[in-house]
Amino acid sequence: MAMVKKDEFLRNHTTFKIGGPAKLFIVPDTDEELARAIAQYPKAFVIGGGSNLLVSDEGLDEVISMKNIKGFEILPQAGKAAAISALAGSSFTALVRKAHRAELSGLEFAFGIPGTVGGAVRMNAGASGGEVKDCLETVTILHEGRFRELSADELKLSYRSSLLPQGAIITKAVFRLNEGGRDEILEKMK
């Protein structure tokens, strides 16, 4: 069941440790709880890990946090490629570590980028000559009360931006990766 708090200080949920209280702070654990929360509070501000986020000391009315919607799954594919499915509230750096442990290459550029998978996809995060669009295959979004899957091409990813439908919330992303050696992957991460 989703956790609901009143007057929760957002400084506890931003990397810059600033932000006044949310009159209502909701933390769903599942996609279904997220959909119910969005239906009940359609004007709520949705956050991930709170990086790249400056919140006024006056706070906000309703906030929905994606922090408990996290997890990864390796999706084997034919040939020497594989994919990783990542829920949007997952740490982007944790995703890179998961790929490294699975000996999957393609996300090394993202090691150390703060924030969540959802935020990284939304802004086409990148560093060291790589960016999300280089390995993103699909995303699942919650939009107008329905879950939909979009291809990476449909997002029209460009420098630090994407063209998600207005009001859409990313819930999951699938990244297409290649097999690689653990030591080589680690060197690229460094």
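Residue numbering note: each chain is counted from 1, following its sequence as written. Given that the model is predicted, a residue must reach a pLDDT of at least 70 before its local features are reported, and side-chain atom pairs must reach 80 or more before they are shown or counted; all residues, however, enter totals for whole chains, interfaces and linings. Side-chain metrics in this entry use all non-hydrogen atoms of the structure; hydrogen atoms and water are not considered.

Once that is clear, we can look at the overall build of the protein chain. Put simply, DSSP H or I for four residues or longer makes a helix, DSSP E for two residues or longer makes a strand, and each gets a number counted from the N terminus. Secondary structure assignment for the protein chain yields 5 helices and 12 strands. Here the globule rule is a power law, 2.2 Å times the number of residues to the power 0.38, and the radius of gyration is based on C-alpha atoms. Taken over C-alpha atoms, the radius of gyration comes to 17 Å for the protein chain, in line with the 16 Å a tight globule of 190 residues would show. Taken along its principal axes, the extent of the C-alpha atoms in the protein chain is 50 × 35 × 30 Å. Taking as baseline every contact in the protein chain between residues at least 6 positions apart, the subset at least 24 positions apart corresponds to 59%. Each accessible area is a Shrake-Rupley estimate made with a 1.4 Å probe; only the visible protein chains count as cover when residues are assessed. Put simply, the protein chain shows about 10200 Å² of open surface, and 50% of that area lies on carbon and sulfur atoms. Residues scored as positive are Lys and Arg, those scored as negative are Asp and Glu, and His as well as the terminal groups of each chain are ignored. A charged residue contributes its charge at one atom only: NZ of Lys, CZ of Arg, CG of Asp or CD of Glu. Put simply, the protein chain has 24 plus and 24 minus side-chain charges, and the middle of one group is 2 Å from the middle of the other. Residue contacts follow a heavy-atom distance rule, with two residues in contact if any of their heavy atoms lie within 4.5 Å.

A separate point is the side chain of Thr171. Within the element layout of this structure, Thr171 appears in strand β12 (residues 169–179). In this scheme, a residue with accessible area under 20% of its type's maximum is buried, one over 50% is exposed, and one in between is partly exposed, where area comes from a 1.4 Å probe on protein chains only. Classification of Thr171 as buried rests on a relative accessible area of 0%. Excluding residues that lie within four positions of it along the chain, Thr171 makes contacts with Asp31, Leu34, Met66, Leu87, Ala88, Thr140, Ile141, Leu142 and Phe147.

Turning next to the packing of aromatic side chains. We call Phe, Tyr and Trp rings a pair once their centres come within 6.5 Å, taking the six-membered ring for Trp, and we label the pair stacked below 30 degrees between planes, edge-to-face above 60, and tilted otherwise. Enumeration according to the criterion identifies 0 aromatic pairs in this entry. Of note, Arg11 hangs over the ring of Phe9, and the distance from its end group to the ring centre comes to 4.1 Å. Placement of a charge over a ring requires the Lys NZ or Arg CZ to be within 6 Å of the ring centre, with the centre-to-atom vector within 35 degrees of the ring normal.

Counting 45 residues, the largest nonpolar core has Phe92, Leu107, Val121, Leu136 and Phe175 as its most contacted members. Residue contacts for Leu107: discarding those within four places in its chain leaves Leu95, Val96, Ala99, Cys135, Phe175 and Leu177. Put simply, a nonpolar core is a bunch of buried Ala, Val, Leu, Ile, Met, Phe, Trp, Tyr and Cys residues held in one set by side-chain atoms that sit within 4.5 Å of each other. Leu10, Val27, Leu53 and Val63 belong to the second largest nonpolar core, which has 8 residues in total.

What follows is about the pattern of salt bridges. Salt bridges are identified by distance alone: a Lys or Arg side-chain nitrogen within 4 Å of an Asp or Glu carboxyl oxygen. The tally for this structure, following the rule as stated, stands at 7 salt bridges. The closest approach of N and O atoms between Lys5 and Glu8, which form a salt bridge, is 3.7 Å. With its nearest N and O atoms 3.7 Å apart, the salt bridge here joins Glu131 to Lys133. Take Glu131: its relative accessible area is 17%, and that puts it in the buried class. Connected through shared salt-bridge partners, Glu131, Lys133 and Arg160 make up one network.

With that settled, consider the pairing of strand β2 (residues 21–27). Most of β2 sits out of view: 5 of its 7 residues are buried. By definition, two strands form a pair when at least two bridges between them are found by DSSP. Alignment of strand β1 (residues 3–9) against β2, held across 6 bridges, turns out to be antiparallel. Counterpart to Phe9 in the pairing with β2 is Pro21. Taken together, the 4 bridges between β2 and strand β4 (residues 60–65) define a ladder with parallel strand orientation. Within β4, the position partnered with Ile26 by the bridge is Ile64.

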